[in-house]
Every structure is written in C-alpha cells, then in structure tokens.
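What the coordinates show
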Amino acid sequence: ACSASESGLDRAFEEAEAALRRGQLQNALVLVDEALDAQASSAAGSAVAWRFRLLRAEILIARAELQEALPLLTAALPSESTFDQLRVRQKYLSAKAQVVQGSLEKARATLAEGTGPAPPSPALAWEMAILQGQIELRLGRWIEAETALNAVAAEAGRAGDRYRQALAMNNLGMGRLVRGRF
C-alpha cells in the first residue's frame, strides 16, 4: 500500500503534468517546486525527487529557459535500476532541448541513443516517437515523420491515451498543412 505522502506526491505530479499539458507553465512550475521543497533534503537523491526535477526541466524547456533546464539534463542520475526510466526520460528531454536550440540532427542522434538498458514505458516511447516525427518534419523527411506519427496515433488510440493520440494527429496535420496536403 502507498503511504499518504507517496499518494500526495503522485497527485502533485499528476496536477503539475496536467498544468504543463494545458500550457499553464507558471502554475506547473509552482506545483513542482512545492513538491520538491516538501521532500527537502531527506529524499533529494530519490527517484521521486528526480521525477519531479525532470518534470521541472520539461516545464523550463517549454518556457524556453534552457540555461536553467540544462543542468538537470546533464546531471548524473544514480546507477540503480529504479532510475532506468528516468535516464530514458532525461535523454528524451535533452533531445527536446536540442530541438528548441535548433540542433535537429543532434536531437535525432540523442533520441536514437536514448533507450539505454531498459525500454521506455509505452507513454514515454510515444512521446519520443512524437518528437522524432517533429524532427523528421522539420528536416523535410515526410515519409519517416508520417510513419512515426501514424504509429503513435494508432497505438495510443488503441491504448486509450487520447492525449498522445491527439498530439500525434496534431503533428501529422501540421506537417500536411506545411506541405499543402490538407
């Protein structure tokens, strides 16, 4: 059974992630910072703390505050296997930051090396494939982009993940609009 503090942290994470998805970046950042402050130094190196730090980095990337996000993306996570998924997420966020910086080929390479010893969760794999599709679109690699995005739209749809399905479909639509194929 989860402790009350664990369920509270899970709820705080979900609220912050939802705020990020809605584009309420300041609210998301406040929620993450409050959760990190509540954990204080007692859990500073925990997987939960790192989960919040990486969400903080994602929010900072969305705000184009890369100088503040980059230290979180280059920090070494503990080597325990409980951090494997977080290492994959860190690589994904590094690629996302590289896209914001305009380093598309570098981001493409970062994504390719991003899985490490453990495969990403389905949700993270879809996020990585969506970013891959965005990169391919920006590089003019239409077939590769549509293949990746169509796969995510179908898989996420089958799994009931409407957010990632819609994100993939939105990117497909924008790619077609850019090429005049709407």
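Read on for an overview of the structure. Every value quoted in this text rests on a predicted model; they were computed, and no experiment measured them.

Let us look at the packing of helix H3 (residues 47-62) against helix H5 (residues 84-100). Interaxial distance between H3 and H5 falls to 10 Å at its minimum, and their mutual angle equals 10°. In terms of orientation, H3 and H5 fall into the roughly parallel class. Of H5, the residues touching H3 (which contributes Ala47, Trp50, Arg51, Leu54, Ala57, Glu58 and Ile61) are Leu86, Arg89, Gln90, Tyr92, Leu93, Lys96, Ala97 and Val100. Its residues assigned to classes, the contact of H3 with H5 comprises ten nonpolar, one polar and four charged.

With that settled, consider the environment of phenylalanine 83. On the secondary structure map, phenylalanine 83 appears in the loop between helix H4 (66-74) and H5. Setting aside chain neighbours within four positions, we find phenylalanine 83 in contact with Gly45, Ser46, Ala47, Trp50, Leu77 and Pro78.

This part takes up the nonpolar core. Counting 41 residues, the largest nonpolar core has Phe52 and Ile59 as the members making the most contacts within it. Listing elements by their share of this core, those giving two or more residues are helix H1 (4-21), helix H2 (25-39), H3, H4, H5, helix H6 (104-112) and helix H7 (122-138). Counting residues per element, this core draws most heavily on H3, which supplies eight residues. With sequence-adjacent residues up to four places away left out, isoleucine 59 is seen in contact with Leu20, Leu25, Ala28, Leu29 and Val32. Judged by nonpolar contacts, the second largest core, of ten residues, contains Leu137, Ala145, Leu149 and Ala156.

The full count for this structure, using the stated rule, is one aromatic pair. Measuring from centroid to centroid gives 5.4 Å for phenylalanine 13 and phenylalanine 52, while their planes differ by 80°, and the two rings are edge-to-face. Of this pair, phenylalanine 13 sits in helix H1 while phenylalanine 52 sits in helix H3; the two residues are 39 residues apart in sequence, bridging distant segments of the chain. On the basis of relative accessibility, which here comes to 7%, the residue phenylalanine 13 falls in the buried class. Phenylalanine 52 gets classed as buried once you look at its relative accessible area, which sits at 1%. The positively charged end of arginine 21 is found above the aromatic ring belonging to tyrosine 163, 3.9 Å away from the centroid. In this structure, arginine 53 is placed above the aromatic ring of tryptophan 50, and the distance from its NZ or CZ to the ring centre is 4.8 Å.

Before going further, it helps to examine the pattern of salt bridges. What the rule picks out here adds up to 17 salt bridges. Across the pair arginine 56 and aspartate 33 runs a salt bridge whose closest N-O atoms are separated by 2.6 Å. Separated by 23 residues along the polypeptide, arginine 56 in helix H3 and aspartate 33 in helix H2 bring together distant segments of the chain. The class of arginine 56 is buried, set by a relative accessible area of 16%. Taking the shortest distance from any N to any O, the salt bridge between aspartate 84 and arginine 87 comes out at 2.7 Å. You can see aspartate 84 and its partner arginine 87 sitting in helix H5, three residues apart, about one turn around the helix.

Rules used throughout
- Residues numbered from 1 in each chain as written.
- Predicted model: local features only at pLDDT ≥ 70, side-chain atom pairs only at ≥ 80, totals over all residues.
- Heavy atoms only, no water.
- Axes fitted to C-alpha atoms, helices over the stretch in contact; angles between N-to-C directions.
- Helix = DSSP H or I, 4+ residues; strand = E, 2+ residues; numbered from the N terminus.
- Parallel < 35°, antiparallel > 145°, perpendicular 65-115°, else oblique.
- Contact = heavy atoms within 4.5 Å.
- Nonpolar A, V, L, I, M, F, W, Y, C, P; charged D, E, K, R; others polar.
- Core = buried A, V, L, I, M, F, W, Y, C linked by side-chain atoms within 4.5 Å.
- Buried < 20%, exposed > 50% of the residue type's maximum accessible area, 1.4 Å probe, protein only.
- Phe/Tyr/Trp six-rings, centres within 6.5 Å; stacked < 30°, edge-to-face > 60°.
- Lys NZ or Arg CZ within 6 Å of the ring centre and 35° of its normal.
- Salt bridge = Lys/Arg side-chain N within 4 Å of Asp/Glu carboxyl O.

Keep in mind that these numbers describe shape and distance, not what the molecule does.
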